Amino acid sequence: MATFTNQATLTYRGSVVNSNIVTGEIPETLTLTKDALSVTYEPNGSVIYIVNVVNSGDRAYSALTLSDDLGAYAFGTGTVTPLTFTEGSLSYYIDGVLQPATAISVAPPLTVSGLSLPANSVLTVVYRAEVNEFAPLGADGQIVNTATLTGGGLTAPLSDSATVTVGETPRLDITKAITPVVIGADGQVTYTLTILNYGNTATVATDNVTVTDTFDPILDPISVTYNGVAWTAGVDYTYNSTSGEFSSAPGAVTVPAATYVQDPDSGAWSVTPGQAVITVTGTISG
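Nothing here was measured: the structure is a model prediction, and the numbers come from that model. (Residues numbered from 1 in each chain as written. Predicted model: local features only at pLDDT ≥ 70, side-chain atom pairs only at ≥ 80, totals over all residues. Heavy atoms only, no water.)

Some thoughts on the overall build of the chain
Each helix and strand in the chain was counted, giving zero helices and 26 strands. For 286 residues, the compact-globule estimate of 2.2 N^0.38 gives 19 Å, and the C-alpha radius of gyration of the chain, at 31 Å, exceeds that figure by more than 25%. Along the first, second and third principal axes, the C-alpha atoms of the chain reach 120 × 45 × 35 Å. Going through the 286 residues of the chain one by one, you find that 36% of them count as buried. Within the chain, contacts between residues separated by at least 24 positions form 68% of all contacts whose residues are at least 6 apart in sequence. When the accessible area of the chain is evaluated, it comes to approximately 15,200 Å², of which 54% is carbon and sulfur surface. Positive and negative side-chain charges of the chain, numbering 6 and 24 respectively, have mean locations separated by a distance of 18 Å. (Helix = DSSP H or I, 4+ residues; strand = E, 2+ residues; numbered from the N terminus. Rg over C-alpha atoms; globule rule 2.2 N^0.38 Å. Buried < 20%, exposed > 50% of the residue type's maximum accessible area, 1.4 Å probe, protein only. Contact = heavy atoms within 4.5 Å. Areas by Shrake-Rupley, 256 points an atom, 1.4 Å probe, with all protein chains shown as cover. Lys, Arg positive; Asp, Glu negative; His and termini not counted. Charge placed at Lys NZ, Arg CZ, Asp CG, Glu CD.)

The structure is reproduced here in structure tokens:
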């Protein structure tokens, strides 16, 4: 709602008299809302945003410009931007009908110019942004970005913000190494299984993380350690010396959360994954 004031002045015989001040209101006919299709984001993931501008009045608007700060936030003496607009992802609709492409500037802020909105219509802009290295990844991380509509004779800019938070979940990966690489027929070999957690949440026993492997050639006998501590067969793991099938007991493997550090100069975040290590050493069975 825009307001305005007005006052009259009366002059006579060198005197000046001011009237009372009256206030009027001009109902806003345009409203802007911005939403994210998902409430969370993941490292190297993406977020789809929808901006709706509703024109409930009888006046048509043209030469409107929509900008999005892509989540820019202050860092050090400048700003960093945690989202990168996905080129080619933007679509522009009026009352659900796709419109011809319009001018876009992708350097932050994202700027979409030349938008028009007929009377009693809804303008919808849909676009995707990629999560980049400046997005906070710790358990309390969030991205707040704001869309702003200007131009077209608007009395004041219209804006709205959307907030997405980082997904709080483990993100596991596993790598396997062998030592030595060249082994005699009855030689001894060690397999090292490293489980990495790139997520901001540790796994716990109830997550039932399980590691399975089938050793070929079969190893017999074997010894197993977990993070350098000996495991007990039948308790911490099972092994079939006939088939070579190995399995950790459900819940025996837990992996700490990753740690995240923001570079004090660039503002980019780096990840050090949490890890758990299983080693299996055995003799190749003839």
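Topic: the environment of A74
Looking at the element boundaries, A74 is found in strand β7 (residues 73-75). The spacing of A74 and V22 is 52 residues in sequence and 42 Å in space, taken between C-alpha atoms.

Observations regarding the sheet that holds strand β17 (residues 172-179)
With antiparallel pairing, the five strands of this open sheet are ordered in space as β17-β18-β26-β20-β21. Each edge of the sheet is formed by a strand with only one pairing partner; in this case those strands are β17 and β21 (229-230). One ladder, built from two bridges, connects strand β20 (residues 219-226) with β21; its direction is antiparallel. Bridged to Y226 within β21 is V229. (Pairing = 2+ DSSP bridges.)

Brief notes about the environment of Y61
Position of Y61 among the secondary structure elements: in strand β6 (residues 61-68). By relative accessible area, Y61 is classed as buried at 9%. In this structure, the C-alpha to C-alpha distance between Y61 and S266, residues 205 residues apart in sequence, is 41 Å. Once residues within four sequence positions are removed from consideration, Y61 is found in contact with T29, L30, N55, S116, L117, G152 and L154. Within the structure, the side chain of Y61 is placed 3.3 Å from the side chain of T29, a separation counted as a polar contact. (Polar contact = N/O pair within 3.5 Å; in protein donor to acceptor, adjacent residues only side chain to side chain.)

Focus on the nonpolar core
Ranked by size, the top nonpolar core spans 37 residues in total, and within it Y41, Y49, V53, L66, Y127 and L149 carry the most contacts. Discounting residues that sit within four places of it in the chain, L66 has contacts with L32, V51, L110, T111, V112, L115, V125, A147, T148 and L149. Grouped together as the second largest cluster of nonpolar side chains are 20 residues, V189, I195, V209 and V253 included. (Core = buried A, V, L, I, M, F, W, Y, C linked by side-chain atoms within 4.5 Å.)

Spatial relationships are all this shows, so hold off on functional conclusions.
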